Each structure stands twice: as C-alpha cells, then as structure tokens.
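Listed here are the chains, written in short residue letters.
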Amino acid sequence: MASSSRCMFHLSILVLLALANVATSSSLSPHYYDEVCPEALPTIKRVVKAAVARERRMGASILRLHFHDCFVNGCDASILLDSTPTIDSEKNSRANANSARGFEVIDQIKSEVDRICGRPVVSCADILAVAARDSVVLLGGPTWEVHLGRRDSTTASRTTADADIPSPFMDLPAQIESFQRKGLDERDLVALSGGHTLGFAQCRVFRNRVHSENNIDPEFASKLRQTCPVSGSDSNLSPLSPKPASFDVDYFKDLMERKGLLHSDQALFNGGSTDGLVRTYSSNPRAFWADFARSMVKMGNITPLTGNEGQIRLDCKRVN
C-alpha cells in the first residue's frame, strides 16, 4: 500500500507539472500584438530581411541565438544580457563565447520596433522568436505561427548555459537526455538539429571528428583537414551542410553518407534510434518542414515568463 501511495503521489506531481506547462504555453498567443502594436511583426521582418540581404549567414546566427536562449531557463532573452557585477553573461559560456553573433541585429530590431510602437511593448524574447522564424523563411524554409507574449528575464546564467546548451561533442543518448530535460522528444531533437542545414561551425568543434573518428567519409575528412589542422586555426569555418544559406534536406543526406560535420550531427545517424527519422527527412522535405515548424513552436514555449513576471527591457543588452 505504501508503495502504491508513493506511485500515486509521483503520478500526481507529473500531472500537475504537465498542466503547469500547458497553462504557461497557453498564455502565449500568435495575436498578442495585434491590438497593442500591429506593426511590430512587419517591422521585425523588415529589419531581418535587410540583415540577411547584407549577409545570408546572419539568418543562421539569429536562429542559433533563439535556440541557445530557450535552452537556458526558457525563452527569456537572457542570452542578450551583457555582464554586470551581478550578471555572469551567457555570451561568455562555452557554446557562445567568440561564436554567438547577430546581437547587433536584435538591438536594431528593438530600436525600430519601439519607435514604430511608440513605446517599449515588445519583449526582446519575442523579438528573438519572431526573428528566428523570419530568418528561416527568408532562407527558403517553412513558416509557423510564433506564440507571443513572452517577457524578458532580469538575470542570466553562464553556469546554466554551460550545463544546458547541447554540446557538439555529445553522443546520441546525451542529446536525447538534454532535449528531454526541456520537454522535447527524439523527433524534436532530429528536426531541430536539421537547423544545421544553415550556417557554419568553427574548426575547434569539429577538429577531433575529422582527425580521429572512424564513422566519417574519408574524402570529406581529408578535405576538412585542410581547413582544420591538428593544431591552430581554431576559428576557421566550415559549412554545416553543402548549401549553408539554403534551408533544405542536404544536411540529412550528408548524415547518411557519413558527412556530418559535428560529432553530435553524425550521432543522429549511426545505428541508433534516430536513424529512421534521418532517412525520412532526407527523402521527404515536407515531413521535415512540418516537424521543424512544430518543434520550433514547442521549443519556443519552454518556460516563458508571462504576465507580471520579468520585464519588457528598454535595451536588450541590460536590465531596466
């Protein structure tokens, strides 16, 4: 009886947590700014479009900012805060230092949106979420309704960023666990990893793969060693997929040919439980598009601040 009671207690806790997550997510709405500032989303799109036109790589950088923001205490724009005596900036974490970029575009969007709206009513967290969607669309990917109404955090955590942002060195079980901690499943893992159809990675994060791993196409590895020698050249870039400014399924085709750039990429197709999804996406762009859009909405709903929580920052780099 005692064991049964404990089981019922744990089940009740899980149900309450699930209900709390649903309640939090349902407090966001695609129409949040329709009356408050109907020009907010068109303004975000206009600035993102100009930034991507100047440098197509910027689309991938903005998408990555949103991802790295959501994995650290939820989608609250904590990644945008600079260091202060009381804030240890997430910009200095292992995943972001000398790597995360696009902050100036977000600052420009914030300035333009506040000017158009006549006051600061749009959160930096919502700007990140919308700008990520617009970036994907501009680079040929799917669209989705972004749920809005997030508020901005008043703190950040480099320690949490180091612990929670998935590492490019992770094997499949570690990636699955990392995503599960955020309420995301294996389908979300593979679909969101497909964001690596865009952008570049630095030599320091793929050096060991191209010099030491066996599950890699020999010619692919040989070519990459020219960009990324055994030592030095840490910041040299290589594309994560053949067309790094085009949202397509080549990333998944590459995995099937053992041409994943990162260890964590190739781990998705290496005899494990996600092989089937990689195969599906590689030959079915519609399935990938649909799942990517669904998973982006799901990721964007990770523990947002709403209502009277947090604040609407006047400047995305600092707390009011």
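Each remark here, short or long, concerns the structure printed above.
Computed from a prediction, not measured in an experiment: that's the story for all the values here.

Trainee: What should I look at first to understand the state of the cysteines in this one?
Mentor: Linking two cysteines covalently via their sulfur atoms produces the bond known as a disulfide. Inspection of the entire model under this criterion finds 4 disulfides. The side chain of C37 participates in a disulfide bridge whose partner is C117; the two sulfur atoms lie 2.0 Å from each other. Taking the sign of the S-S torsion, -90° for the link of C37 and C117, the bridge is left-handed. Separated by 80 residues along the polypeptide, C37 in the loop between α1 (2-26) and α2 (40-54) and C117 in helix α4 (residues 103-117) bring together distant segments of the chain. Given a relative accessible area of 5%, C37 falls into the buried group. Residue class for C117 comes out buried when judged on its relative accessible area of 10%. A sulfur-sulfur separation of 2.0 Å characterises the disulfide bridge that pairs C70 with C75. Every disulfide takes its handedness from the sign of the S-S torsion; for C70 and C75 that torsion is 120°, giving right-handed.

Trainee: Help me understand the environment of C117, please; the structure alone is not making it clear to me.
Mentor: Placed 74 residues apart in sequence, C117 and T43 show a C-alpha to C-alpha distance of 9.7 Å. Each residue touching C117, except ones within four places of it in the same chain, is listed here: C37, A40 and V122.

Trainee: Would you mind going over the environment of A245 with me for this structure?
Mentor: Checked against the element boundaries, A245 lands in the loop between β2 (237-239) and α11 (250-256). Accessibility expressed as a relative area gives 22% for A245, which makes it partly exposed. Beyond its immediate stretch of four places on either side in the chain, A245 contacts R56, L139 and L198.

Rules and cut-offs
- Residues numbered from 1 in each chain as written.
- Predicted model: local features only at pLDDT ≥ 70, side-chain atom pairs only at ≥ 80, totals over all residues.
- Heavy atoms only, no water.
- Disulfide = S-S within 2.5 Å.
- Helix = DSSP H or I, 4+ residues; strand = E, 2+ residues; numbered from the N terminus.
- Buried < 20%, exposed > 50% of the residue type's maximum accessible area, 1.4 Å probe, protein only.
- Contact = heavy atoms within 4.5 Å.

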